[in-house]
Amino acid sequence: MWALRALCLAGLGAAIGGGSADQCSWRGSGLSQEVGSVEQLSLHCAEGSLEWLYPMGALRLRLAPRLPPTTAAVRNGSPRHVTACVKPTGTFRGAQLYLEKEGVLELLLPETPRPRAHCFSWLPQEKVALFLQATPHPDISRRIAAFRYELRGDWLARPALPATSLGADGVCRPCNNTEILMAICTSDFVIRGSIQSVSNDAELQESIIGVSATRIHRQKFPLFQAGGRLGRPVGSIHTPLRCGVKPGPGTFLFTGWLHFGEAWLSCAPRYRDFQRIYEGAQRTRQNPCEFPVD
């Protein structure tokens, strides 16, 4: 670990080189790096990717996204925290990925990680970077360290992110009234429907909820498409396995976020409970946005 720290600090003055980059993604080769060097990268988008061919030396990636303001940010002047998720490709080889926060390194991805997302958060004033360290191999051919990343400001509705690094506290509890009201206004998808099935993936520690939609209130991407019984749209929503989701009767209002092309659950109240919460907020003029209720 001390060697990593020294290598990281030694490369602070290095310039970007040996690869192609835009504001969101980077692709390059370790063959163009000097032995023991640390290449400095900086990406400024809310999502993108990195692909490092034939890893040698190290990369230090500074994430500096220009995030759009959230409702909380508008009220308080700046986001309370920033959350990032990284998801390795299934063929991630030849390097290890560390989170560098305030000069301390924490392992995020070993050399052969499972293809699941890992998330972490930090305060806006904290100094954070990703540190990609090549692992020594006599033959570096066919070794590519590649991953995708996503960043956001305050996730207002406490989504169940696909990670353990954020901690389990509160992730699986039911949303309170305020979180539900914010979720219908800010989520990537708001779907009214019923649970058709629940399957569990023990390796990825995820549960996949099969949902039949009776009404699509909002979806930023075509997550739910026609093809179910009676021509209703169907789709899948992910949630951590530890939450213990089970199939049950009734109509729910599913809300959540898109993570690496997958729908992840945030809040899912029974629809009749949502109606009561929303109508009560309307009477007291506490509803943060207008929403059709029938």
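About the thresholds
- Residues numbered from 1 in each chain as written.
- Predicted model: local features only at pLDDT ≥ 70, side-chain atom pairs only at ≥ 80, totals over all residues.
- Heavy atoms only, no water.
- UniProt positions renumbered as here; feature names shortened; annotations may be inferred.
- Helix = DSSP H or I, 4+ residues; strand = E, 2+ residues; numbered from the N terminus.
- Buried < 20%, exposed > 50% of the residue type's maximum accessible area, 1.4 Å probe, protein only.
- Phe/Tyr/Trp six-rings, centres within 6.5 Å; stacked < 30°, edge-to-face > 60°.
- Polar contact = N/O pair within 3.5 Å; in protein donor to acceptor, adjacent residues only side chain to side chain.
- Contact = heavy atoms within 4.5 Å.
- Disulfide = S-S within 2.5 Å.
- Expected span 1.5 Å × (residues − 1).
- Pairing = 2+ DSSP bridges.
- Axes fitted to C-alpha atoms, helices over the stretch in contact; angles between N-to-C directions.

As recorded in an unreviewed UniProt entry, the chain goes by the name Meteorin, listed as coming from Willisornis vidua. The chain has a UniProt comment under Subcellular location (unreviewed entry) that states "Secreted". In its Sequence similarities (unreviewed entry) section, UniProt records this for the chain: "Belongs to the meteorin family."

A. Inspection of the overall build of the chain at higher detail. When helices and strands are counted, the chain shows four helices and 17 strands. Within the chain, the fraction of its 294 residues that count as buried is 47%.

B. Region of interest: the packing of aromatic side chains. Within the structure shown, the criterion is met by six aromatic pairs. Here the aromatic rings of phenylalanine 120 and tryptophan 122 are separated by 5.7 Å at their centres, their planes lie at 25°, and the arrangement is stacked. For the pair formed by phenylalanine 120 and tryptophan 122, the shared burial category is buried. Between phenylalanine 252 and phenylalanine 254, the aromatic rings sit 5.8 Å apart at their centres with planes inclined by 40°, giving tilted as the arrangement. Each member of the pair, phenylalanine 252 together with phenylalanine 254, is buried. Here a set of aromatic residues connected by ring pairs shows up, and it is made of Tyr271, Phe274, Tyr278 and Phe291.

C. Region of interest: the side chain of serine 207. Position of serine 207 relative to the elements: it lies in strand 13 (residues 206-219). Polar side-chain contacts of serine 207 include one of 2.7 Å to the side chain of asparagine 200. The residues contacting serine 207, other than those within four sequence positions of it, are Val198, Ser199, Asn200, Ile237, His238, Thr239, Pro240 and Leu241.

D. Main features of the environment of glutamate 100. The topology assignment puts glutamate 100 in strand 7 (residues 95-101). Classification of glutamate 100 as buried rests on a relative accessible area of 10%. C-alpha of glutamate 100 to C-alpha of arginine 62: the two residues are 38 residues apart in sequence and 9.6 Å apart in space. Reaching out from glutamate 100, the side chain makes a polar contact with the side chain of arginine 60 at a distance of 3.0 Å.

E. Looking closely at the state of the cysteines. Enumeration over the complete set of coordinates arrives at five disulfides. At a sulfur-sulfur separation of 2.0 Å, the disulfide partner of cysteine 175 is cysteine 267. What sets the handedness of the cysteine 175 and cysteine 267 disulfide is the S-S torsion sign, and at about -90° it is left-handed. Highlighted residues: cysteine 175 in the loop between strand 11 (144-152) and helix 3 (177-186) and cysteine 267 in the loop between strand 17 (262-265) and helix 4 (271-283), separated in sequence by 92 residues. There is no split in this pair, since cysteine 175 and cysteine 267 are both buried. A sulfur-sulfur distance of 2.0 Å marks the disulfide that ties cysteine 185 to cysteine 289. Note on the cysteine 185 and cysteine 289 pair: the S-S dihedral is about -90°, so by sign convention the disulfide is left-handed. Residue cysteine 185 is located in helix 3, and its partner cysteine 289 is located in the segment after helix 4; the two are separated by 104 residues in the primary sequence. Each bonded cysteine of the chain is numbered by sequence order, and under that numbering the disulfide pairs are 1-2, 3-4, 5-8, 6-9, 7-10.

F. Fine view of helix 4. Across its 13 residues, helix 4 extends 18 Å between first and last C-alpha, which sits within 8% of the 18 Å expected from 1.5 Å per residue. Buried residues belonging to helix 4 abut helix 3, strand 12 (189-201) and strand 16 (252-259). Of the residues one or two after helix 4, arginine 285 is the one with positive phi, at around 55°.

G. Just unusual backbone geometry, in detail. Despite not being glycine, glutamate 102 shows a phi value in the positive range, around 50°. A residue is classified by how much of its surface remains accessible, and glutamate 102, at 46% relative accessible area, is partly exposed. Phi at glutamine 205 takes a positive value of approximately 60°, unusual for a residue other than glycine. Using a relative accessible area of 36% as the deciding quantity, one classes glutamine 205 as partly exposed.

H. Here's a closer look at helix 3. Most of helix 3 is tucked away: seven of the ten residues are buried. Of the positions making up helix 3, those classed as buried are Glu179, Ile180, Leu181, Met182, Ala183, Ile184 and Thr186. Here helix 3 starts with a cap whose side-chain oxygen sits 3.2 Å from the backbone nitrogen of threonine 178, and that cap is asparagine 176.

I. Spatial organisation of the sheet that holds strand 7. Strands sit in the order 3-5-10-7-8 across an open sheet of five strands; the sheet is mixed. Looking at strand neighbours, the two that pair on one side only are strand 3 (38-43) and strand 8 (104-109), the edges of this open sheet. Taken over all neighbouring pairs, the strand axes of this sheet differ in orientation by 25° on average, direction set aside. In this structure, strand 7 lies alongside strand 8, joined through five bridges in antiparallel fashion. The partner of tyrosine 98 across the bridge, within strand 8, is leucine 107.

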